[in-house]
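Take a look at the letters that make up each chain.
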Amino acid sequence: MISMTKTVYIKTVGCQMNVLDSEMVIADLKRHGYTVVDTPGEADLLLYNTCSIREQAEEKTYSALGKLKETKARHPEKTIGVMGCMAQKDQETIFRRAPFVDMVVGPGQLHAIPDMLTKVTSGEGRQIAVSLGRKDGKQTVVARSHETFDPLRDPTMRPTPFQAYLRIQIGCDKFCTYCVVPNTRGPEQGRSPEEIVSEARVLAEQGALEITLLGQTVNSYRHRGPDGETDMAGLLERLHDIDGLKRIKFVTNYPKDMTARLLETIRDLPKVSPYLHVPAQSGSDAVLKRMKRGYTIADYMEMFERIETILPEASVSSDFIVGFCGETDEDFQKSVKLIERCRFKNSFIFQYSVREGTKAAANLIDDVPREVKAARNNELLAVQDRISKEDNQKLIGDTVEVLVEGPSKKADKSDLDAPIVQMTGRTICDRIVVFDGNRRQAGQLMDIQIDDVSSHTLIGRVKTVEVVSLGMPGLAPSS
Ligand code: SAM
Ligand code: SF4
């Protein structure tokens, strides 16, 4: 058993899956006597939860680790751990590049951390726990080695106390040629609906008003159990019944699995957010084929039109990769056209980065120059920003319901005792709203009237209810 006085610092980068993994690891470490501190200097244990989706993310982590060399030389008693996708992808390489690291833990092995710590601190040397590679055994055995780690959660590690992530699916089997996720997170596995519903109930009892269901292709969710198969629509129906939950969101969607049944279910369940993040990745069929995305632009548009017909109030967002192998100017212009046609709420734009172990790294040439990637990135962002702003402008004068998350970044720096601060929250369609309010409003659903907009934010004020006097002027009607 680990001593009761240890402290842990955790740095998390990357996607929501990593945020959730950090929450779970911290919950586990707290049960083993650790307390969380805000700076590496105060910590006995330093954990880096890493991302390997692009080279830049990895290089940043290696550079952050490099800075710990001296810390470790001065304080050899401190333990340094690397977890997350980079741990699974680079494994022993991390020890070679940063020899002062004590533990490397893949995302499918997080439950092993307390035992590994005991071994490190009792002088057994460096520890590594990673899952099997995709070809290292039978599919079921590989899948088991990537299984998720679901101990009791830690509400204090959440983005806000009333918002929580809930993993419904592990891994990915789509094998897009550019992507490391199927290797780092393993085979696609839907968690059982019973497990998901009971976790959601606990989250609601702890005060979560909004849950975001996580999966790499969340709408492809499937689980076969003794009572038959549950799909995403069936799961949403079961989660919708949970008392206390007000909003259910889910990311990320795969275009080919956005079925009419799922869209009709979203339409018919008022707690389910009609916000659909459905990455297109490119507007060119030739590029999509090289990416092995499994659909054409005609398929994507068919799906998009299905959304427009069944869920006209939905907000749709996308991811794009620019400068993928062989992308010509003409291909790129097709991505511009797709954004113009679909008018996404927002798009995340990434410059293609070669990832070791992927099909694209093995078979395709990264032939788009860095400057061209950067220029296409800027051009696509500018088009998306213009469209986001134009569409946001249509909301000026409207009243939107906002789940208030807390003071905005701007307000955080201001006087903590100030009665009025800038507060921020989101609409059910995931639009960010800021307004002047007070800190006590965090966690409330409030009506905000929109006065102004930018491409990323709606700016409003709390809608005040007009009191209509029916009797003598200045008096409210008697009841
Ligand atoms: N599973 C989700 C999907 O398929 O849309 C998202 C996976 S990934 C965590 C998020 C985004 O990173 C992808 O949608 C893609 O745009 C981008 N991405 C993945 N691999 C990349 C690479 N090698 N280079 C640049 N961007 C990449
Ligand atoms: Fe990566 Fe494609 Fe799977 Fe998304 S669907 S995680 S981009 S392989």
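Just so you know, these numbers come straight off a predicted model, no measurement behind them. Sequence order sets the numbering: in each chain, residues are counted from 1 along the sequence as written. Both sets of labels track the order of writing: A upward for chains, 1 upward for ligands. Only residues with pLDDT of at least 70 get local features here, since the model is predicted, and only at 80 or more are side-chain atom pairs given and counted; chain-wide, interface and lining totals rely on the full set of residues. By convention in this description, side-chain values take in all heavy atoms of the structure and omit both hydrogens and water.

### Digging into the sheet that holds strand E1 (residues 7–12)
Put simply, the test is: The criterion for strand pairing is that DSSP finds at least two bridges linking the strands in question. Comment: elements are numbered from the N terminus, with helices defined as DSSP H or I runs of at least four residues and strands as E runs of at least two.
If you walk across this open sheet you meet the 6 strands as E2-E1-E3-E4-E5-E6, and the pairing is parallel. This sheet does not close on itself; its edge strands, each paired only once, are strand E2 (35–36) and strand E6 (127–129). Where strand E5 (residues 103–105) and E6 come together, 3 bridges link them in parallel fashion. Bridge pairing in E6 places Val 105 opposite Ala 129.

### Topic: the packing of aromatic side chains
Where we set the bar: Here a Phe, Tyr or Trp ring, Trp counted by its six-membered ring, pairs with any other such ring whose centre lies within 6.5 Å, and the pair is stacked when the planes are under 30 degrees apart, edge-to-face when over 60, and tilted otherwise. We call a residue buried when its accessible area falls under 20% of the maximum for its residue type, exposed when it is over 50%, and partly exposed in between, using a 1.4 Å probe and counting protein chains only. We count a charge as sitting over a ring when the NZ of a lysine or the CZ of an arginine lies within 6 Å of the ring centre and within 35 degrees of the ring normal.
Under the criterion given, the structure shown has 8 aromatic pairs. Centroid distance Tyr 300 to Phe 344: 6.4 Å. Interplanar angle 70°. Geometry classified as edge-to-face. Here Phe 344 lies in the loop between helix H14 (329–342) and strand E16 (347–351) and Tyr 300 lies in helix H13 (residues 297–310), a separation of 44 residues in the sequence. The exposure class assigned to Tyr 300 is buried, which follows from its relative accessible area of 0%. What links up through ring pairs into an aromatic cluster is the set Tyr 254, Tyr 295, Tyr 300, Phe 304, Phe 320 and Phe 344. Arg 97 extends its terminal NZ or CZ atom over the ring of Tyr 62, reaching a point 3.7 Å from the ring centre.

### Some thoughts on the site of ligand 1
Filter applied, for reference: Note on terminology: near, applied to a residue and a molecule or strand, indicates that one of the residue's heavy atoms is within 4 Å of it. Here a polar contact is recorded for every N or O atom pair within 3.5 Å, except that within protein the pair must consist of a potential hydrogen donor and a potential acceptor, and residues adjacent in sequence are included only if both atoms are side-chain atoms. We get accessible surface area from the Shrake-Rupley algorithm with a probe of 1.4 Å; when it comes to residues, only the shown protein chains can shield them. Classes in brief: Ala, Val, Leu, Ile, Met, Phe, Trp, Tyr, Cys and Pro nonpolar; Asp, Glu, Lys and Arg charged; the others, Gly included, polar.
Close to ligand 1 lie 15 residues, the nearest being Tyr 178, Gln 216, Gln 281, Asp 319 and Ser 353. A distance of 2.8 Å separates a nitrogen atom of ligand 1 from a polar backbone atom of Gln 216. For ligand 1, whose unbound accessible area comes to 560 Å², protein coverage reaches 91%. Class assignment of the residues belonging to the shell around ligand 1 gives a composition of 6 nonpolar, 5 polar and 4 charged.

### Some points on the environment of Met 103
Our working rule: Whether two residues are in contact is decided by their heavy atoms: any pair within 4.5 Å suffices.
With respect to the secondary-structure elements, Met 103 resides in strand E5. Distance from Met 103 to Ile 80, taken between C-alpha atoms, is 6.5 Å for residues 23 residues apart in sequence. Filtering out sequence-adjacent residues up to four positions away, Met 103 remains in contact with Leu 45, Leu 47, Thr 79, Ile 80, Gly 81, Val 82, Phe 95, Ile 113, Met 116, Leu 117, Val 120 and Gln 127.

### A short note on the sheet that holds strand E14 (residues 275–277)
Heads up, the rule is: Here the axes come from fitting lines to C-alpha atoms, over the contacting stretch only for helices, and the angles between their N-to-C directions go from 0 to 180 degrees.
Pairing in this open sheet of 3 strands is parallel, and the strands run E14-E15-E16 from one edge to the other. At either margin of the open sheet sits one strand with a lone partner, and together these are E14 and E16. Geometrically, the sheet is characterised by an average inter-axis angle of 10° between neighbouring strands, direction not taken into account. By the bridge criterion, 3 bridges tie E14 to strand E15 (residues 315–322) in an arrangement that is parallel. Note that in E15 the partner of Leu 276 across the bridge is Val 316. This element, helix H16 (residues 370–393), spans E15 and E16 of the sheet and lies at about 175° to E16.

### Re the domain arrangement of the protein chain
Note the threshold: Note that domain bounds follow an automatic or database assignment of domains.
Taken domain by domain, the protein chain holds domain 1 (6–136), domain 2 (144–394) and domain 3 (398–462). In this structure, domain 1 and domain 3 have C-alpha centres spaced 35 Å apart.

### Looking at the confidence of the model for the protein chain
As a note on interpretation, predicted positions should not be read in detail where pLDDT is low. For clarity, the threshold we go by: Known as pLDDT, the predictor's per-residue confidence is scaled from 0 to 100.
Per-chain confidence: the protein chain averages 92 in pLDDT, with 94% of residues scoring 70 or above. A low-confidence stretch, residues 472–479 (pLDDT under 50), is modelled with 6 contacts involving residues beyond four sequence positions or located in other chains.

### Structural notes on the pattern of salt bridges
Heads up, the condition is: Salt bridge criterion: a side-chain nitrogen from Lys or Arg within 4 Å of a carboxyl oxygen from Asp or Glu.
By the definition in use, this model includes 38 salt bridges. Arg 343 is the salt-bridge partner of Asp 391, the closest N and O atoms lying 3.0 Å from each other. Pair noted here: Asp 391 is in helix H16 and Arg 343 is in the loop between H14 and E16, with a separation of 48 residues, a long-range link. Residue Asp 391 is classed as buried on the basis of its relative accessible area, which comes to 19%. Owing to a relative accessible area of 31%, Arg 343 belongs among the partly exposed residues under this scheme. Three or more residues are tied together by salt bridges with common partners; here these are Glu 210, Arg 247, Lys 249, Lys 345, Glu 405, Arg 426 and Asp 430.

### Regarding the pairing of strand E17 (residues 399–407)
Bridge analysis of E17 against strand E20 (residues 445–453) gives 5 bridges, and the strand direction is antiparallel. Looking at the pairing, Val 400 lines up with Ile 448 of E20. As defined by bridge partners, E17 adjoins strand E18 (residues 421–426) across 4 bridges and the pair is classed as antiparallel. The partner of Leu 403 across the bridge, within E18, is Arg 426.

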